[in-house]
Amino acid sequence: CSLTLNSAPVSATMDLDLGVPGYKYDVAFSANAIQLAPLVNSFMPDRQGQMAGTTTASAQLKGAGITGANLQKNLTGQFDFAATNLNLAVANVRSPLLKTVINVIFSIPDLIKNPTATLGNLVGGLVGNSPVKGSWSDALANSPIDLILARGNAGGGRVQLQQAEVRGAAFQAQAAGELILAPVLTNSTMQIPVHVALGRSLAAQAGLLDASTPTNAVYFSLPDFLTLKGTLGKPKADIDKLALVALAAKAGGGIAGQIGGASGDK
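Another point: the overall build of the protein. Of regular secondary structure, the protein possesses eight helices and twelve strands. Looking at the protein as a whole, 40% of its 266 residues qualify as buried. A separation threshold of at least 6 residues defines the contact pool for the protein, and within that pool the share at least 24 residues apart is 58%. Of the roughly 13400 Å² of accessible surface on the protein, a fraction of 56% belongs to carbon and sulfur atoms.

What follows is the structure in C-alpha cells.
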C-alpha cells in the first residue's frame, strides 16, 4: 500500500496468515511529516485544536495474535516515532506515563523542600483541570510541549525503549529503559530511568544557574532522581531523595521560594 496523505508520503506492507488463530503477521509501515491537526480534528473531535505540527513514524513488526499473552510470546520488531511542533498544552496530556513525568516536574520545589513527602500528596490534580498556582507552576503550565519522540525494539516478551524524549521550552525529559510485557498489557511492568533538564529561564528562576553554566545552554540538567516503575496501567514515580537534597544545597533558598502556594492553593 502506498499513498499520499495531506501531501505526505505513507507506505505499508503486510504479510498476513489468516489461517493461524489470532492471525500471523509481518508488517512494515512508514510515514513522513504528516500534518497532525487535520487527522486529530477529523478522527478525535474531542481533541480538536489541541495539537499541531507533523509526525514521522516507522515500524517493522512480526507476531501472531494481538492479545497481551500473544504479544508477550510472539511480538518482535522495532519502531521509531517523532512528533514535532506539537504545541500541546501540558493540561491536555493524556498518556499516564507522560503525565507522571510532568507531575514530578511540577512538584520539584515541593519535593526539594520536603523530600520525605510522598509524591501523591504533592501532585494531585497538577495536570488536571485545576493546576496549582504559583510562578513555577504557571511557567510550566504556560509552556506547551513541542516534541515527543520514541525509538525502540521488541522481542522475548520485552519492549526496549532505546530513546525517548519529551521537550518544550520549560523542560526536557529523556528516557531509556525496559517494559516487561504481561498477559494483561496494562499489568506490564517497567523500569525506565528519566533524565530531567529545566529550561534556562526556569533554572535561573530556581537559583540553579551559576558562573559555570555555559551562556548558550538552553537547558540545565538536574541530577538523575526519577525512575518510572509500576505498571503500564498505573505508572509510579520512584524518587531518589538524596539527589534532591544535593540539588537543594546547590539552589539554596531559591527553588524553595518558587513554590508560591503550590502546596496550599490546590
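In this fold, A8 is placed in strand β2 (residues 8–17). Taking relative accessible area as the criterion, A8 reaches 2% and is therefore assigned buried. Between the alpha carbons of A8 and T56 there is a distance of 9.5 Å; along the sequence they are 48 residues apart. Excluding residues that lie within four positions of it along the chain, A8 makes contacts with L3, N32, A33 and I34.

Note that V101 resides in helix α3 (residues 96–106). Accessibility expressed as a relative area gives 7% for V101, which makes it buried. Between the C-alpha atom of V101 and that of V166, which follows or precedes it by 65 residues, the distance is 9.6 Å.

A few words now on the nonpolar core. Inside soluble globular proteins, nonpolar side chains tend to come together where they are buried. Ranked by size, the top nonpolar core spans 54 residues in total, and within it I145, F171, L198, L222 and F225 carry the most contacts. With six residues, the top contributor of residues to this core is α3. Contacts of L222, omitting those with residues within four sequence positions, involve I108, H195, V196, A197, L198, L208 and L247.

With the rule as written, the count across this model stands at five salt bridges. The salt bridge partner of D46 is R94, with a shortest N-O separation of 3.0 Å. Of this pair, D46 sits in the loop between α1 (36–43) and β4 (54–64) while R94 sits in the loop between β5 (76–84) and α3; the two residues are 48 residues apart in sequence, bridging distant segments of the chain. Among the residues examined, R94 registers a relative accessible area of 45% and is labelled partly exposed.

Moving on to the environment of S107. Looking at the element boundaries, S107 is found in the loop between α3 and α4 (108–113). On the accessibility criterion, S107 (0% relative accessible area) is buried. Considered as a pair, S107 and S137 are 30 residues apart in the sequence and their alpha carbons are 8.5 Å apart.

Here the focus is the side chain of T227. Tracing the backbone shows T227 in strand β11 (residues 226–230). Assessed through its relative accessible area of 15%, T227 is described here as buried. Leaving out residues up to four positions away in the same chain, T227 has contacts with Q191, I192, P193, V194, K236, A237 and D238.

Scoring rules and cut-offs
Residues numbered from 1 in each chain as written. Predicted model: local features only at pLDDT ≥ 70, side-chain atom pairs only at ≥ 80, totals over all residues. Heavy atoms only, no water. Helix = DSSP H or I, 4+ residues; strand = E, 2+ residues; numbered from the N terminus. Buried < 20%, exposed > 50% of the residue type's maximum accessible area, 1.4 Å probe, protein only. Contact = heavy atoms within 4.5 Å. Areas by Shrake-Rupley, 256 points an atom, 1.4 Å probe, with all protein chains shown as cover. Core = buried A, V, L, I, M, F, W, Y, C linked by side-chain atoms within 4.5 Å. Salt bridge = Lys/Arg side-chain N within 4 Å of Asp/Glu carboxyl O.

Geometry only, nothing functional implied.
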